[in-house]
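Structural overview for review
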Amino acid sequence: MNFSKKILSQTVTQLCLAKGIDHIVISPGSRNAPLTIGFSENPNFNNFSIVDERCAAFFALGIAQQIKKPVALVCTSGSALLNYYPAIAEAFYSDIPLVVLSADRPEHLIDVGDGQTIRQENVFANHILYSASCKEGEGMQEVNEAEINKALNMAILQHGPVHINIPFSEPLYETVPALSVTPNPIDAVMEPTKWDSAAYAEFLTEWNTSQRKMIVVGVLPPNSVEQKYIDVLAQDESVIVLTETTSNLHHENFFPAIDQLIAPLGRTEFEALKPDLLLSFGGMVVSKKIKAFLRSYKPQMHYHIDIKKAFDTYFVLKAHFRTDINSFLKLLVSDIESIKSNYRNYWLNVKNQRLEAHERYVNMIPFSDFKVFSEIFKRLPENIQLQLANSATVRYAQLFELHPSFSVFCNRGTSGIDGSTSTAIGAAYPSRVPTVFLTGDLSFFYDSNALWNDFIRKDFRIIIVNNSGGGIFRILPGNNESENFTTFFETRHTLTAEYLSLMFGFEYRSAKDEKSLILALKDFFDESHQPKVLEVFTPPEENDKVLLDYFDFIS
């Protein structure tokens, strides 16, 4: 085994290895050669080469999302580093651990006109847990070790992105047969959080006296909440639990389609739904309608449970309980006092009415985005990882009850379309089950370099709902028939994924009506020697009307 001659390269790679950071996504370059040598020469690292840095970062994010430990990114100097930023921001808001290792010019070559050089230190300052700036030269080893240890430990403990900037002087490619340094790994030790017993006592009093309690659950990994606690919440007649597709939380007494429930409501019904007490946990919430409702019909108090942070999403946050959800619920269920209420049963009745109307509507509508999503969700195989693109895709998914065996993921930290495909491919790599990625046309074409990837599993499936542009903008208020709208908002196009799919080694098939869609899906998920793409073409003129009429119909 060879090692880079650079002391800083040896320090970084050995500390990563000591801390179990063994998935390394490398984008080719010259200035990062010492790091590339250090990682690729060592068989203890799982190395991935991804040319496009933006795709590389989202690919790494997908892996980290699944293995739940930091994944390292390695890039050369200059603008290469800036291409990581969309994924860094997503990781920051989604609590996904990434370690950015950026090679840099030595300090004396910054801002003197040297090529491929920018100001790299603290470049992610607003969306990073920690930025470490290493220095070359004698006497810097102890300082560099301390900085690298601190950054890696922060990623491990705080579950987010960190940046380590590493300058390398030329020559860059020299190797040695043995390590020149043996860096000292400092253990990552979580500091105990202080439990606010007074706030909990106040919360418990309010909980046990409130007849209308609402729980809103945002993004959660599958199996985050123990079933015994789910059952207790589901049986409490004074509690309604609103979940989302990305919550991965299921019970027949829960409300998984929030917009379906509340979109048709009027003022009197909103008053009836308004909770006395709001409890929330999980990450970002997709539904804009629940945010608008709770900001207009404010509960008397809002409490959030999370080990790390609490957003005042509804502008009435009273306390943040810094603990994990199971520890909190274990305490709560032992302290609950039952209270008479018709809150849950009233809204379960409304839910059932909505579901009946939903089925009638789906059976009567023409071929459209809505019809396509309905058919897809009915025909997805069980026990899959379902990756959703943003914009229309995740919002349509919110209107359907998905099978409890699905593990559902979506980049909801920043809610961007920019890296959905790359994330899904990365997430599929370590998955124990097949992955289906459901996306729209703009999301797919925007991230088409994601397919330039040698690590795509044969059981990976992409379904593209191609409505010839950003059809979701048609449901927003505005002049939807103007030329400016078509060009600058909807972004109408005539692109197809066929030749792109074939170029990157995917089996391609398409559908343009309900009959061809059902036929295409029949064996789409069967085993194959190639990953597959199914592109479904829908009529853009129908989609917005069908969706808007849906909420009128179910009311």
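Residues numbered from 1 in each chain as written. Predicted model: local features only at pLDDT ≥ 70, side-chain atom pairs only at ≥ 80, totals over all residues. Heavy atoms only, no water.

Observations concerning the overall build of the protein chain
Each helix and strand in the protein chain was counted, giving 20 helices and 19 strands. For the protein chain, the share of sequence-separated contacts (at least 6 apart) that also reach a separation of at least 24 residues comes to 77%. With an accessible surface of roughly 23,700 Å², the protein chain has 51% of that area assigned to carbon and sulfur atoms. Taking the average place of the 49 positive charges on the side chains of the protein chain and the average place of its 65 negative ones, the gap between the two points comes to 4 Å. (Helix = DSSP H or I, 4+ residues; strand = E, 2+ residues; numbered from the N terminus. Contact = heavy atoms within 4.5 Å. Areas by Shrake-Rupley, 256 points an atom, 1.4 Å probe, with all protein chains shown as cover. Lys, Arg positive; Asp, Glu negative; His and termini not counted. Charge placed at Lys NZ, Arg CZ, Asp CG, Glu CD.)

Let's talk about the nonpolar core
Among the nonpolar cores identified, the biggest contains 45 residues, and V25, L73, Y84, L98, F460 and I462 are the most heavily contacted of them. Mapped onto this core, the elements with two or more residues apiece are α3 (53-67), β4 (71-75), α4 (85-94), β5 (98-104), α15 (420-428), α16 (441-446) and β17 (461-466). No other element matches the 9 residues that α3 contributes to this core. Those residues within four positions of F460 in sequence are excluded, and the remaining contacts are A424, I425, A428, T435, F437, F506, P531 and K532. (Core = buried A, V, L, I, M, F, W, Y, C linked by side-chain atoms within 4.5 Å. Buried < 20%, exposed > 50% of the residue type's maximum accessible area, 1.4 Å probe, protein only.)

Remarks on the sheet that holds strand β16 (residues 435-440)
Across the sheet, 6 strands lie side by side as β15-β14-β16-β17-β19-β18; this open sheet has parallel pairing. Looking along the sheet, the strands with just one partner apiece sit at the ends: β15 (407-410) and β18 (507-511). This sheet shows a mean twist of 20° between the axes of neighbouring strands, independent of strand direction. Relative to strand β14 (residues 385-388), α3 is tilted by about 140°, and along the sheet it contacts β14 and β15. (Pairing = 2+ DSSP bridges. Axes fitted to C-alpha atoms, helices over the stretch in contact; angles between N-to-C directions.)

Description of the environment of N349
Its place among the elements puts N349 in helix α12 (residues 343-364). In this structure N349 comes out as partly exposed when scored by relative accessible area, which is 45%. Between the C-alpha atoms of N349 and S169, which are 180 residues apart in sequence, the distance is 70 Å.

Re the pattern of salt bridges
Evaluation of the coordinates by the stated rule reveals 18 salt bridges. In this structure, R105 engages D114 in a salt bridge whose closest nitrogen and oxygen atoms are separated by 3.5 Å. Across the pair K378 and E375 runs a salt bridge, and its minimum N-O distance is 3.5 Å. Taken as a pair, K378 and E375 lie in helix α13 (residues 369-379) at a separation of 3 residues, close to a single helical turn. The class of K378 is exposed, set by a relative accessible area of 56%. Beyond isolated ion pairs, a larger network of salt bridges with shared partners links D95, K308 and K309. (Salt bridge = Lys/Arg side-chain N within 4 Å of Asp/Glu carboxyl O.)

A look at the layout of surface pockets
By volume, the largest pocket is sized at about 1,400 Å³. Surrounding the largest pocket, 49 residues form its lining, S94, D95, V219, P221 and D306 being those nearest its centre. Those elements that provide at least two residues to the lining of the largest pocket are α3, α4, α5 (141-158), β11 (277-281), α10 (288-296), β12 (301-305) and β15. Considering only residue class, the lining of the largest pocket consists of 21 nonpolar, 16 polar and 12 charged. (1 Å grid on protein atoms, 1.4 Å probe; cavity = no way out; pocket = protein on both sides within 12 Å on 5 of 7 lines; lining within 4 Å. Points joined across faces, edges and corners; volume = space filled by probe spheres on them. Nonpolar A, V, L, I, M, F, W, Y, C, P; charged D, E, K, R; others polar.)

Some remarks on the sheet that holds β5
A sheet is described by the order of its strands in space; here 6 strands give the open sequence β3-β2-β4-β5-β7-β6, paired in parallel fashion. For this open sheet the edge positions go to β3 (46-49) and β6 (130-133), each flanked by a neighbour on one side alone. For this sheet, the mean angle separating the axes of adjacent strands, direction not counted, is 20°. In terms of strand pairing, β4 meets β5 through 5 bridges, oriented parallel. If you follow C75 over to β5, its bridge partner there is S102. Contacts between α4 and the sheet are confined to β5 and β7 (161-167), with β5 contributing the most and set at about 150° to the helix.

A short note on the packing of aromatic side chains
Inspection of every chain in the model, using the stated rule, returns 36 aromatic pairs. Both rings, one in W195 and one in Y200, keep their centres 5.6 Å apart while their planes meet at 50°; by these two values the pair is tilted. Given a relative accessible area of 34%, W195 falls into the partly exposed group. Given a relative accessible area of 7%, Y200 falls into the buried group. Relative to F293, the ring of F270 lies with its centre 5.2 Å away and its plane at 25°, an arrangement referred to as stacked. In this pair, F270 is assigned in helix α9 (residues 267-273) and F293 in helix α10, connecting sequence segments 23 residues apart. Each member of the pair F270 and F293 is classed as buried. (Phe/Tyr/Trp six-rings, centres within 6.5 Å; stacked < 30°, edge-to-face > 60°.)

Side note on empty space enclosed by the protein
Scanning all chains against the criterion turns up 2 cavities of 30 Å³ or more. Counted as a void, the largest cavity has a volume near 60 Å³. In terms of lining residues, the largest cavity is bounded by F255, P256, A257, Q260, L261, K351, R354, L355 and E401. Of all the secondary structure elements, the ones that give two or more residues to the lining of the largest cavity are α8 (258-262) and α12. Ranked by the residues each element gives to the lining of the largest cavity, the list is headed by α12, at 3 residues.

Side note on the packing of α13 against helix α19 (residues 514-521)
Between two packed helices, what matters for the description is the angle formed by their axes and the separation of those axes. Between α13 and α19, whose axes approach to 11 Å, the crossing angle comes to 25°. Taken together, the axes of α13 and α19 lie roughly parallel to each other. Considering the relative orientation of α13 and α19, their crossing is right-handed. On α19, the residues that touch K371, V372, E375, I376 and R379 of α13 are E514, L517, I518 and L521. Residues belonging to the contact of α13 with α19 are distributed by class as follows: 5 nonpolar, no polar and 4 charged. (Parallel < 35°, antiparallel > 145°, perpendicular 65-115°, else oblique. Left-handed = near helix turned anticlockwise from the far one by under 90°.)

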